[in-house]
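# Results of the structural survey
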Amino acid sequence: MSKQCRNVLVMGVCGVGKSTIARQLAESCDGRFVEGDGFHSPENVRAMSSGVPLTDAQRWDWLGAICSEVERLNAGDPRPAFIACSALKKPYRALLSQRVGPIAVIHLDGEPTLIRHRLAARSDHFMPPSLLESQLSDLQAPDEEEGFPLLRLDVADSVGVVVQAASGFCRRHVANVGSNGQGPDSAGNEKQRI
């Protein structure tokens, strides 16, 4: 497939390492990193911090804010944005594509037991482990029928392995992907886990 996508969505349920992977991809592919969690309203953050899953209405506003930021970045810079965003449902991904142009999708996935363990181990995020079940229930895993270049990666692999595979995928499917001269493993993180 020729290079055609404008931006990259790194998606999955909470705890799979979306931010880690999207940030490292942006660095290794000379793109811009967009942290989806940074666009939640205070009301959304309060709800999730209390263990209350978001409604579709709350997610639509959040997705709209992410789209506006990506549109702003794209307007002044040809480099792709690497968007860390759960994008659990097919209509959410359709909105992103409609607003910001064709997207390549990297779906970070893994065994729920592993993800629960990682959520329990982190202390710097507003999303409690109790919300994983609702996210798994809401997840409509992307498939080829959605029309996006799609790569599914297992988060049981190391960050280095995941970023290396994702970088190759992006270089095949995303326009204006460059390199800042640092390979995905240059930080010595082959054994680091997401």
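Residues numbered from 1 in each chain as written. Predicted model: local features only at pLDDT ≥ 70, side-chain atom pairs only at ≥ 80, totals over all residues. Heavy atoms only, no water.

### Section: the sheet that holds strand S1 (residues 7-11)
Taken together, five strands build an open sheet; the order of strands is S2-S3-S1-S4-S5 and the sheet is parallel. The open sheet has two free edges, formed respectively by strand S2 (32-35) and strand S5 (150-154), since each of these has just one partner strand. Neighbour to neighbour, the strand axes of the sheet diverge by 20° on average, direction disregarded. Pairing geometry for S1 and strand S3 (residues 81-84), over three bridges, is parallel. By the bridge assignment for S3, Leu 9 is matched with Ile 83. This element, helix H7 (residues 159-173), spans S1, S3, strand S4 (103-109) and S5 of the sheet and lies at about 175° to S5. (Pairing = 2+ DSSP bridges. Helix = DSSP H or I, 4+ residues; strand = E, 2+ residues; numbered from the N terminus. Axes fitted to C-alpha atoms, helices over the stretch in contact; angles between N-to-C directions. Contact = heavy atoms within 4.5 Å.)

### Notes on the pairing of S5
Along S5, the buried face is formed by Leu 151 and Leu 153; none of Leu 150, Arg 152 and Asp 154, which line the opposite face, is buried. For S4 and S5, the ladder comprises five bridges, and the chain directions are parallel. Looking across to S5, one finds that Leu 108 is bridged to Leu 153. (Buried < 20%, exposed > 50% of the residue type's maximum accessible area, 1.4 Å probe, protein only.)

### A word on the confidence of the model for the chain
A residue-level look at the chain finds 87% of positions with pLDDT of 70 or above and a mean pLDDT of 88. The low-confidence segment residues 181-194 (pLDDT under 50) makes 31 contacts with residues lying over four places distant or belonging to another chain. (pLDDT = per-residue confidence, 0-100.)

### Focus: unusual backbone geometry
In the Ramachandran plot, Asp 30 falls in the positive-phi region, its phi being about 55° despite a non-glycine side chain. Relative to the helices and strands, Asp 30 resides in the loop between helix H1 (18-28) and S2. According to the relative accessible area criterion, Asp 30 is partly exposed, its value standing at 31%. Even without being glycine, Asn 176 reaches a positive phi, approximately 60°.

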